[in-house]
Structure formats: structure tokens, C-alpha cells
Amino acid sequence: MTEVPTIIGPTASGKTRVCLELGDNLPIEVISVDSRQIYRYMDIGTGKPTLKEREKVIHHLIDLKDPDEKYSAYKFANDCRKKVKEIQRKGHIPIICGGTILYIRAIYEGLFPEPNIPREIREEIRKQVEEEPLKMHKELTKVDPMAGVRIHPNDKQRIARALEIYRVSGIPISEHWKRGKGNKIPLKIHCLLPERGKLYENIEKRVGEMFRQGFVDEVRKLLDMGYDPALYSFTSLGYREITEFILKRRNGNIQEIKDEIVKKTKEYATRQITFIKGLPDVTFYNTPDILLGSLIEELKN
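Residues numbered from 1 in each chain as written. Predicted model: local features only at pLDDT ≥ 70, side-chain atom pairs only at ≥ 80, totals over all residues. Heavy atoms only, no water.

(A) A look at helix H3 (residues 73–89). For H3, which comprises 17 residues, the first-to-last C-alpha distance of 24 Å matches the rise-based estimate of 24 Å (1.5 Å per residue) to within 8%. Taken together, the buried positions of H3 are occupied by Ala 73, Phe 76, Ala 77, Asp 79, Cys 80, Arg 81, Val 84 and Ile 87. Gly 91, located one to two residues past H3, shows a positive phi value of around 85°. (Helix = DSSP H or I, 4+ residues; strand = E, 2+ residues; numbered from the N terminus. Expected span 1.5 Å × (residues − 1). Buried < 20%, exposed > 50% of the residue type's maximum accessible area, 1.4 Å probe, protein only.)

Here it is, written out as C-alpha cells:
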């Protein structure tokens, strides 16, 4: 498989705009790398491309699951590979685009089929990691030194996942990593990384626009449909905070909720940037226009 053009970057950097404008110049189809946009009914808070935008440029791997259904990074990697081949057979150009760290890692490094983790084990380990992340990171290092070096002590999600897999399978996650390398996809990675002040300004504007579009009503509708706010899908930025506000589980007004979501989104963007800067062979661009021009020249040639 030849290298697949890939656009990554932190949330609110302008990736979708680049894809839409690229579609004005070339026969592209976008494969979304977003673990939240896979859920139906969760449109505003996940920053999903609108139906009109998806009519302009085809987007794949969006609206795959209901909020109470599971979808793993391993399944994503397999689906992504299939979509790349499908798009190429049509004579179109696949563009992989998004910012979900685990999904990028899944296609860049390869992933293994994750064993089924019983809910009680998942909840027990995640609670322990949330309460004592450093202690649990030391526990991980004891059973899997390679994972202990590779996973940062503050990366609670990956610490928990590694411990869950070891608890259930008895096999260190580092061994699973070795077995998964055969299904990775060769990528030509372009990163859209605005100056930090501009990125934070974009995040503030985006969150404000989400609330104007009806983010609170979207969450209220999900609750009215009977979806449990304890579901993994509700860990998407903003959904749990708004849920607690709607259910009156917390004090404060809507502006305070909005400010908290902005703060957490900036923190998430910082984690994305840290991960991306650790990837080899990434070309960085600080504005959408520069990236767009470079991609058009590259793909036309």
C-alpha cells in the first residue's frame, strides 16, 4: 500500500476546512479519525461535519454506532484500511483526517484485537487509576517494563487499558503491540498546528458556537432517549459536564459550564500536540492556507 495523505492536528485547528477546500480541487474522500464522531445523535459537541459539508465531500467512518454501542481502535484500524482500498479502487484520493490519538496510533503503529474486558474489571481498574495514577503506573511497570517506559505516568487512559488487558489475557500489552504491527497503514502525515494563542482563540470560538447551535439541547435529547450518562460515549468533551448541569448534580450556571469545557478542551489540545510532536516524519503547517496549497501541489503531482 502506498503512503496515504493524512491530516492531523489538535482540535479546532482547521482540519475540516482544509478537507472541504481540498475537495474543490481534487477528487478526494475523507476518512475520519475521530473516536467521538462515530456516534449517532452526537453531532454538535463532537464538531461533526454538517450534512451539507458531507454532501460536498464524502466523509467515511462517521455515524457508525449508537451511543451505547462499542467500537474499538482495532476495529477502526481495520475499517480504515478497507476504506482506503475502496476509495482507491474508485480512482479517488483517500484523505485520512482527524485528531484522536489512539486511532492515529492504531493505523500508524498497528493494533492487536483487544480481548473482551468484563465491565467490573474495567470499572475497578479505571477507578484505581483515577485515584492513584502514579501507584498504578508503578504496578504496570512491574508486570510490563516496556509499557511502563512507553506510557507516561499521567496518561491514565493508557495505563488503565494496559492493566485491563494484562489482567484479562495474562499477556503484557507490549507483547500485543509486537503482534499488531502487521496491520499498520503507511501514512504521509501533515500536521496543522496554529500558533498556541490562535489555537486557544479557535477553541473558545468553537465552544461558544456549539452552545449557540444547541449543545445543551443535544445532550438533553440523548438523556430523553434513555442513554445512560455513564456510557463511554458521554466522556466526549462537554457531554458529561452538561449532563451534570441538566440533572442538577452540580452548582453553577451555564457560563461556568462553558468555561470549564473550554478549559478542558485546551488541555486536550495540549495532549494532542505533545503526542504529535513525538511522531517521526511529520510536516508541520501553521495555517490552513499553507497546508492546503502544499497538499494541492503534492497530490496533483
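Further notes follow.
(B) Quick peek at the environment of Leu 291. If you trace the backbone, Leu 291 turns up in helix H14 (residues 288–300). Take Leu 291: its relative accessible area is 0%, and that puts it in the buried class. For the pair Leu 291 and Leu 192, spaced 99 residues apart in the sequence, the C-alpha separation amounts to 7.0 Å. When neighbours within four sequence positions are excluded, Leu 291 is seen to be in contact with Ile 7, Val 18, His 190, Leu 192 and Tyr 285. (Contact = heavy atoms within 4.5 Å.)

(C) Looking closely at the nonpolar core. Counting 68 residues, the largest nonpolar core has Phe 76, Cys 80, Ile 96, Ile 107, Phe 215 and Ile 242 as the members making the most contacts within it. Per element, the largest residue contribution to this core is 7 residues, and it comes from helix H13 (residues 254–277). With residues near it in sequence (within four places) discarded, Ile 96 still touches Val 4, Pro 5, Thr 6, Ile 7, Ile 31, Val 33, Cys 80, Val 84, Ile 107 and Leu 187. Formed by 19 residues, the second largest nonpolar core is a distinct cluster that contains Val 18, Ile 28, Ile 95 and Ile 296. (Core = buried A, V, L, I, M, F, W, Y, C linked by side-chain atoms within 4.5 Å.)

(D) Just the side chain of Lys 266, in detail. Take Lys 266: it is sitting in helix H13. Leave out the neighbours within four places in its chain, and Lys 266 touches Tyr 200, Ile 203 and Glu 204.

(E) Structural view of the side chain of Thr 265. With respect to the helices and strands, the residue Thr 265 is situated in helix H13. Sequence-distant contacts of Thr 265, defined by excluding residues within four places in its chain, comprise Thr 11, Ile 203, Val 207 and Leu 237.

(F) Broad picture of the pairing of strand S4 (residues 93–98). With 6 of 6 residues buried, S4 is to be regarded as a mostly interior element. Burial of S4 is two-sided: the residues Ile 93, Ile 95 and Cys 97 facing one way and the residues Pro 94, Ile 96 and Gly 98 facing the other way are all buried. Relative to S4, strand S2 (residues 28–33) runs parallel, the two being bridged by 6 bridges. When the sheet's bridge partners are listed, Ser 32 is paired in S4 with Cys 97. (Pairing = 2+ DSSP bridges.)

(G) Looking closely at unusual backbone geometry. The phi angle at Ala 12 is positive, at roughly 70°, despite the residue not being glycine. Structurally, Ala 12 can be placed in the loop between strand S1 (4–8) and helix H1 (15–22).

(H) Looking closely at the environment of Lys 184. Inspection of the secondary structure puts Lys 184 in the loop between helix H9 (173–180) and strand S5 (187–192). Its relative accessible area of 41% is what places Lys 184 among the partly exposed residues. In the structure, Lys 184 is positioned 77 residues away from Ile 107 in sequence and 4.9 Å away in space, judged by C-alpha atoms. Ignoring sequence-local partners within four residues, the contact set of Lys 184 consists of Arg 81, Ile 107, Tyr 108, Glu 109 and Gly 110.

By themselves these figures say nothing about function.
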